[in-house]
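Chain residues, written in single-letter form:
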Amino acid sequence: MAFDPTLPPDAANVKAAVLRAQFNGLNDKIDATLPLSVVIDGVTGLPPGAPPSFEVSLVGNVLHFSVGIPAGTPGTDGGQGIQGETGAQGEVSRSDLDDAIAGTARNPIGVAALSLGSSDPVIQEIEDKINEMLTETKRT
């Protein structure tokens, strides 16, 4: 039995044989349309700047792929790619670092955490926040 999209009809009592025939019909339809194999026919190098290409064809139950990939643009040193701009200097001198830090807040690394031992929850919350701030602002 071929697949029939009208079966089973709405509100019908389901019959196993009808559903089985529908599933088998769908399976046959899928098997008839899906490729059984895939073949890459070739990958071709294209000149620099050319657009890439991609072709797919179906012959019987076989998908055939052909791909074209453009070559990169040679750089001035014979390598691949175009030479980028020179970036900023990577090293920083100690004096440059000291000058940059001079305008920031002092490092509280030598300040010990508070430990008031208060049983007042408001005082304890203030103590916890001050200690949290000290911890987060210390530079090592």
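Now for a quick tour of the structure.

Cut-offs applied
Residues numbered from 1 in each chain as written. Predicted model: local features only at pLDDT ≥ 70, side-chain atom pairs only at ≥ 80, totals over all residues. Heavy atoms only, no water. Salt bridge = Lys/Arg side-chain N within 4 Å of Asp/Glu carboxyl O. Helix = DSSP H or I, 4+ residues; strand = E, 2+ residues; numbered from the N terminus. Buried < 20%, exposed > 50% of the residue type's maximum accessible area, 1.4 Å probe, protein only. Pairing = 2+ DSSP bridges. Axes fitted to C-alpha atoms, helices over the stretch in contact; angles between N-to-C directions. Phe/Tyr/Trp six-rings, centres within 6.5 Å; stacked < 30°, edge-to-face > 60°. Patch = residues over 30% accessible without salt bridge, like charges linked within 9 Å, V, L, I, M, F, W, Y side chains within 5 Å. Areas by Shrake-Rupley, 256 points an atom, 1.4 Å probe, with all protein chains shown as cover. Expected span 1.5 Å × (residues − 1). Arc of directions from axis to C-beta.

## Describing the pattern of salt bridges
Inspection of every chain in the model, using the stated rule, returns two salt bridges. Note that Arg94 is salt-bridged to Asp98, the shortest N-O span being 3.3 Å. Taken as a pair, Arg94 and Asp98 lie in helix α2 (residues 94-102) at a separation of four residues, close to a single helical turn. Owing to a relative accessible area of 36%, Asp98 belongs among the partly exposed residues under this scheme.

## A short note on the sheet that holds strand β3 (residues 62-70)
With mixed pairing, three strands are arranged side by side in an open sheet as β1-β3-β2. Two strands close off the open sheet at either side, each with one partner strand: β1 (37-46) and β2 (53-59). Geometrically, the sheet is characterised by an average inter-axis angle of 15 degrees between neighbouring strands, direction not taken into account. Strand direction decides the pairing type here: β2 and β3, joined by seven bridges, are antiparallel. Across the sheet, the residue bridging to Val56 is Phe65, located in β3.

## With respect to the packing of aromatic side chains
Any aromatic ring pair is given by two values, namely how distant the centres are and how the planes are angled relative to each other. What the rule picks out here adds up to one aromatic pair. Here Phe54 and Phe65 contribute two aromatic rings whose centre-to-centre distance is 5.6 Å and whose plane-to-plane angle is 50 degrees, an arrangement assigned as tilted. Linking Phe54 in strand β2 with Phe65 in strand β3, this pair joins segments that are 11 residues apart in sequence. Look at Phe54 and you get exposed, because its relative accessible area is 53%.

## A short note on a nonpolar patch on the surface
On the surface, Leu114, Leu116, Val122, Ile123, Ile126 and Ile130 cluster together to form a nonpolar patch covering roughly 480 Å² of accessible area. The topology assignment puts Val122 in helix α3 (residues 121-137).

## Here we look at helix α1 (residues 16-33)
For α1, which comprises 18 residues, the first-to-last C-alpha distance of 26 Å matches the rise-based estimate of 26 Å (1.5 Å per residue) to within 8%. Within the span of α1, buried status applies to Ala21, Gln22 and Gly25. Buried residues of α1, viewed axially, fall in a sector of 100 degrees; they line one side. Along α1, exposed side chains directed more than 90 degrees from the buried face belong to Ala16, Arg20 and Phe23.

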